[in-house]
Amino acid sequence: MAEIEHIVVLTGAGISAESGLATFRGPDGLWEGRRVEEICTPEALAADRELVLDFYDQRRRALASVQPNAAHKALAFLDRHWPGELLIVTQNVDDLHERAGARRMLHMHGELLSALCGACEERSAFGGDMIGGPRCTACGQDELRPDIVFFGEMPYEMERIERALMEADLFVSIGTSGAVYPAAGFVQMARHAGADTLELNLDPSAGSLYFHETRIGPASALVPAWVEDVLATASSA
């Protein structure tokens, strides 16, 4: 731990589930009788625009009823006090990390509170409903869609993420299934580059065998304890 300077943290649905936010796919993997993988695609948006917009409108409304939990707050505390390099990469599209105070972070799968214009590709903050919502303020077209990485689209800022993984001394995965690529491959990339790897999860993920250490339990308990340890070690080095 005394030799750690660069940390990359990956967070998934498990960290926000403890705030009461339903996981992306839900318990049975269905929404309106269809698989989410069939709804959240560019093809689905073109075929049934209102169905896709309604899916994300409902999730955007749900954000108002949840708050950051102890795991989000602990990572924000780490962000404020870690003296070395830190990048928090989240697969989540909610804003709980930001509300907790995290700044050195990015959303690889997009954000619920952002709109993307399908006509001019302008991005803008968006907090309402898209069905019957406003036109793009940049070009005036009625082509706003959620600023979300649909299935089949490339996640955001992959070059920055891969660069950070190659430079990391420690890679920590929190609340992820280890089944969704490319994020599922981050542990192998970091480990191949020489980083220590740690998994904090409610259950072992699909990629647990690639981690040097796996700690099992709720993120709201595991993350604050880990943050306390890593900061204590840094201060005593």
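Cut-off values and rules
- Residues numbered from 1 in each chain as written.
- Predicted model: local features only at pLDDT ≥ 70, side-chain atom pairs only at ≥ 80, totals over all residues.
- Heavy atoms only, no water.
- UniProt positions renumbered as here; feature names shortened; annotations may be inferred.
- Salt bridge = Lys/Arg side-chain N within 4 Å of Asp/Glu carboxyl O.
- Helix = DSSP H or I, 4+ residues; strand = E, 2+ residues; numbered from the N terminus.
- Buried < 20%, exposed > 50% of the residue type's maximum accessible area, 1.4 Å probe, protein only.
- Phe/Tyr/Trp six-rings, centres within 6.5 Å; stacked < 30°, edge-to-face > 60°.
- Lys NZ or Arg CZ within 6 Å of the ring centre and 35° of its normal.

Looking at an unreviewed UniProt entry, the chain carries the name NAD-dependent protein deacylase, with the source organism given as Sphingomonas oryzagri. We quote the UniProt Function (unreviewed entry) comment for the chain here in full: "NAD-dependent lysine deacetylase and desuccinylase that specifically removes acetyl and succinyl groups on target proteins. Modulates the activities of several proteins which are inactive in their acylated form." Per its UniProt entry, the chain bears the Subcellular location (unreviewed entry) comment "Cytoplasm".

Quick look at the pattern of salt bridges now. If charged atoms from side chains of opposite charge come close, those side chains can pair. For the coordinates displayed, the defined rule picks out 8 salt bridges. Here Asp129 and Arg61 are joined by a salt bridge, their closest N and O atoms 3.2 Å apart. Of this pair, Asp129 sits in the loop between β7 (123–125) and β8 (144–148) while Arg61 sits in helix α4 (residues 49–62); the two residues are 68 residues apart in sequence, bridging distant segments of the chain. On the basis of relative accessible area, Arg61 is assigned to the partly exposed category, the value being 44%. Among the salt bridges present, the one from Asp95 reaches Arg99, with a minimum N-O distance of 3.1 Å. On the accessibility criterion, Asp95 (16% relative accessible area) is buried.

How two aromatic rings sit relative to each other is given by the distance of their centres and the angle of their planes. Applying the stated rule across the entire model yields 3 aromatic pairs. Look at Phe55 and Tyr56: their rings are 5.0 Å apart centre to centre, the planes differ by 85°, and that puts the pair in the edge-to-face class. The exposure class assigned to Phe55 is buried, which follows from its relative accessible area of 0%. Taken together through their ring pairs, the aromatic side chains of Phe55, Tyr56 and Phe150 make up a single cluster. Positioned above the aromatic ring of Phe55 is the side chain of Arg59, whose terminal nitrogen or guanidinium carbon lies 3.8 Å from the ring centre. Over the face of the ring belonging to Phe150 we find Arg145, whose NZ or CZ atom lies 4.0 Å from the ring centre.

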